[in-house]
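Overview (structure and organization)
The primary structure of each chain is shown beneath.
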Amino acid sequence: MKLGNLDDLHLFVSLVESGSFTKAAKELGIAKSKLSRRLVTLEKKLGCELLLRTTRKQQLTESGRLLFCASKEHIEALTRVEDQLSSSLNQVQGQLNILLPIEFFNQIISTLIADFMRLYPKVTLHCQHYSGPVPEFDPKFDLCFVLHEQSLPPSNWIARELLSFPQSIFVAPSRVSAPLKLLLEQPQIAVEQLAECECILAESGEQWHFRNNNKVEQVSVNGKMILSSPEMRLQVTGQGLGLCKLPDYVLSNSLQPLPLEKVKLNLESVAQRLSVLYQSRHVANRTRTFLDFFQSHVGQLL
């Protein structure tokens, strides 16, 4: 392309508008000699002289006038777009799209969001929820918060772990079936025995993970029911319909007291981890500001 790159055209337009090499070099923040060399390079690419230079003044040639008139409007439009993009990246404003796990500290998260919006009223927030494991990559979301036990699978997201939550196996001992009640009377239950129990799962084919020194043991459990909602699993467990694995905070934050106890096991459950996913390390200022705000207040979740 004979016209060269857009930067060459931008330098040329700025040079013409400023009226001198000295002023243009100062406005562009480059050396006068470099500006002169760039103009010569552009003229060589085009095969014609654009500017007549003397010690006292500069004057456009016919070719220079044609190029200036054709380029000026487009260079200005691109400059406006660049300014808008820079403003979007550097100011806390614009639309922020967030994806959250279902029933994840809804009351506390709502309070955090309200506090953030009061601090940054120029932000428009769109928040959606999902159930199940890590959601598919969707470029419309700026941030996606994920609860997980194992390492996250490879994806187009960039992940940052924020904190972890202890988990336990819960049961309503006074309401379960006689065989399960008999098992629960043991001083300690081996995690392998959980495969014989009726359990309430979050998803089909779910396995429960336990920490055994530096290793993780997996136990395949019998899913009597599959309920994606943590609150529903909690309530059904309270009715004596089986065992359920939940983060401890689900029980402690429940508004209704339930006759649940932790099952005494020979191994501890693997902790649940909270990670945030985002698309790029170069994010808009509103996204970075919300993430910093969330991290500084995340202790409220514990």
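These lines cover the structure that appears in this document, whether it is placed above or below. (Residues numbered from 1 in each chain as written. Predicted model: local features only at pLDDT ≥ 70, side-chain atom pairs only at ≥ 80, totals over all residues. Heavy atoms only, no water.)

This brings us to the overall build of the protein. Within the protein, the regular secondary structure consists of nine helices and 15 strands. In terms of C-alpha radius of gyration, the protein reaches 31 Å, well past the compact-globule figure of 19 Å for 302 residues. Over its C-alpha atoms, taken along the principal directions, the protein stretches across nearly 105 × 40 × 30 Å. Residues counted as buried form 40% of the 302 residues belonging to the protein. Taking as baseline every contact in the protein between residues at least 6 positions apart, the subset at least 24 positions apart corresponds to 72%. On the protein, roughly 17,200 Å² of surface is accessible, and the fraction owed to carbon and sulfur atoms is 51%. Of the side chains in the protein, 32 bear a positive and 30 a negative charge, and the two mean positions are spaced by 12 Å. (Helix = DSSP H or I, 4+ residues; strand = E, 2+ residues; numbered from the N terminus. Rg over C-alpha atoms; globule rule 2.2 N^0.38 Å. Buried < 20%, exposed > 50% of the residue type's maximum accessible area, 1.4 Å probe, protein only. Contact = heavy atoms within 4.5 Å. Areas by Shrake-Rupley, 256 points an atom, 1.4 Å probe, with all protein chains shown as cover. Lys, Arg positive; Asp, Glu negative; His and termini not counted. Charge placed at Lys NZ, Arg CZ, Asp CG, Glu CD.)

As a further point, take the side chain of Gln58. If you trace the backbone, Gln58 turns up in strand S2 (residues 58–60). A polar side-chain atom of Gln58 sits 3.2 Å from the main-chain carbonyl oxygen of Leu15. With residues up to four places along the chain from it excluded, the contact list for Gln58 reads Leu15, Val16, Gly19, Ser20, Phe21, Leu51 and Leu52. (Polar contact = N/O pair within 3.5 Å; in protein donor to acceptor, adjacent residues only side chain to side chain.)

In this section: the nonpolar core. Of all hydrophobic cores here, the largest spans 39 residues; its most connected members are Ile109, Phe145, Leu274, Phe290, Phe294 and Leu301. In contact with Phe290, other than residues within four places in its own chain, are Leu96, Ile98, Ile113, Phe116, Leu143 and Phe145. (Core = buried A, V, L, I, M, F, W, Y, C linked by side-chain atoms within 4.5 Å.)

Strand pairing in a sheet is mediated by backbone hydrogen bonds. Such pairs are either parallel or antiparallel. In space, the five strands of this open sheet follow the order S11-S8-S12-S7-S13, with mixed pairing throughout. Each having just a single partner strand, strand S11 (222–226) and strand S13 (261–262) make up the two edges of the open sheet. Pairing geometry for strand S8 (residues 198–201) and S11, over four bridges, is parallel. Paired with Leu201 across the bridge in S11 is Ile226. Against the sheet, helix H7 (residues 230–238) makes contact with strand S7 (167–171), S8, S11 and strand S12 (243–247), and its axis sits at roughly 140° relative to S12, the strand it touches most. (Pairing = 2+ DSSP bridges. Axes fitted to C-alpha atoms, helices over the stretch in contact; angles between N-to-C directions.)

All right, on to the side chain of Thr287 then. Residue position: Thr287 is located in helix H9 (residues 285–297). In contact with Thr287, other than residues within four places in its own chain, are Leu96, Asp142 and Leu143.

Time to look at the state of the cysteines. With the rule as written, the count across this model stands at zero disulfides. Residue Cys69 stays outside any disulfide, its sulfur separated by 14 Å from that of Cys48, the closest cysteine. (Disulfide = S-S within 2.5 Å.)

This part takes up the packing of helix H2 (residues 21–28) against helix H3 (residues 32–46). Running from N to C, H2 and H3 cross one another at 105°; their axes reach a closest spacing of 9 Å. Here H2 lies roughly perpendicular to H3, going by the angle between them. Contacts from Phe21, Thr22, Ala24, Ala25 and Leu28 of H2 reach H3 at Lys32, Leu35, Ser36 and Leu39. Residues that form the contact of H2 with H3 fall into these classes: six nonpolar, two polar and one charged. (Parallel < 35°, antiparallel > 145°, perpendicular 65-115°, else oblique. Nonpolar A, V, L, I, M, F, W, Y, C, P; charged D, E, K, R; others polar.)

The next thing to look at is the layout of surface pockets. A volume near 810 Å³ is recorded for the largest pocket. As for the largest pocket, its lining consists of 37 residues, and the residues nearest its centre are Gly132, Leu147, His148, Ala202 and Glu203. Breaking the lining of the largest pocket down by element, the ones donating at least two residues are strand S5 (143–148), S8, strand S9 (207–212), H7, S12 and helix H8 (248–252). Here the residues of the lining of the largest pocket are counted per class, giving 19 nonpolar, twelve polar and six charged. In this structure, the second largest pocket spans a volume of roughly 400 Å³. For the lining of the second largest pocket, the secondary structure elements donating two or more residues are helix H5 (106–119), H7 and H8. For the lining of the second largest pocket, the per-class residue count stands at six nonpolar, six polar and two charged. (1 Å grid on protein atoms, 1.4 Å probe; cavity = no way out; pocket = protein on both sides within 12 Å on 5 of 7 lines; lining within 4 Å. Points joined across faces, edges and corners; volume = space filled by probe spheres on them.)

Moving on, we get to the packing of aromatic side chains. Under the defined criterion, the tally for this structure stands at eleven aromatic pairs. With 6.3 Å between their ring centres and 70° between their planes, Phe104 and Phe165 make a pair best called edge-to-face. With Phe104 in the loop between strand S3 (94–101) and H5 and Phe165 in strand S6 (residues 158–165), this pair connects stretches of sequence that are 61 residues apart. Neither residue differs from the other here; Phe104 and Phe165 are each classed as buried. Cluster of aromatic residues (ring-pair linked, three or more members): Phe116, Tyr120, Phe145, Phe290, Phe293 and Phe294. (Phe/Tyr/Trp six-rings, centres within 6.5 Å; stacked < 30°, edge-to-face > 60°.)

Taken as a whole and judged by the stated rule, the model has ten salt bridges. With a closest N to O distance of 3.0 Å, Asp8 and Arg38 form a salt bridge. Residue Asp8 is found in helix H1 (residues 6–18), and its partner Arg38 is found in helix H3; the two are separated by 30 residues along the sequence. A single salt-bridge network, built from bridges that share partners, covers Asp7, Asp8, Arg38 and Lys45. (Salt bridge = Lys/Arg side-chain N within 4 Å of Asp/Glu carboxyl O.)

Note that all results are geometric; they support no functional claim without further evidence.
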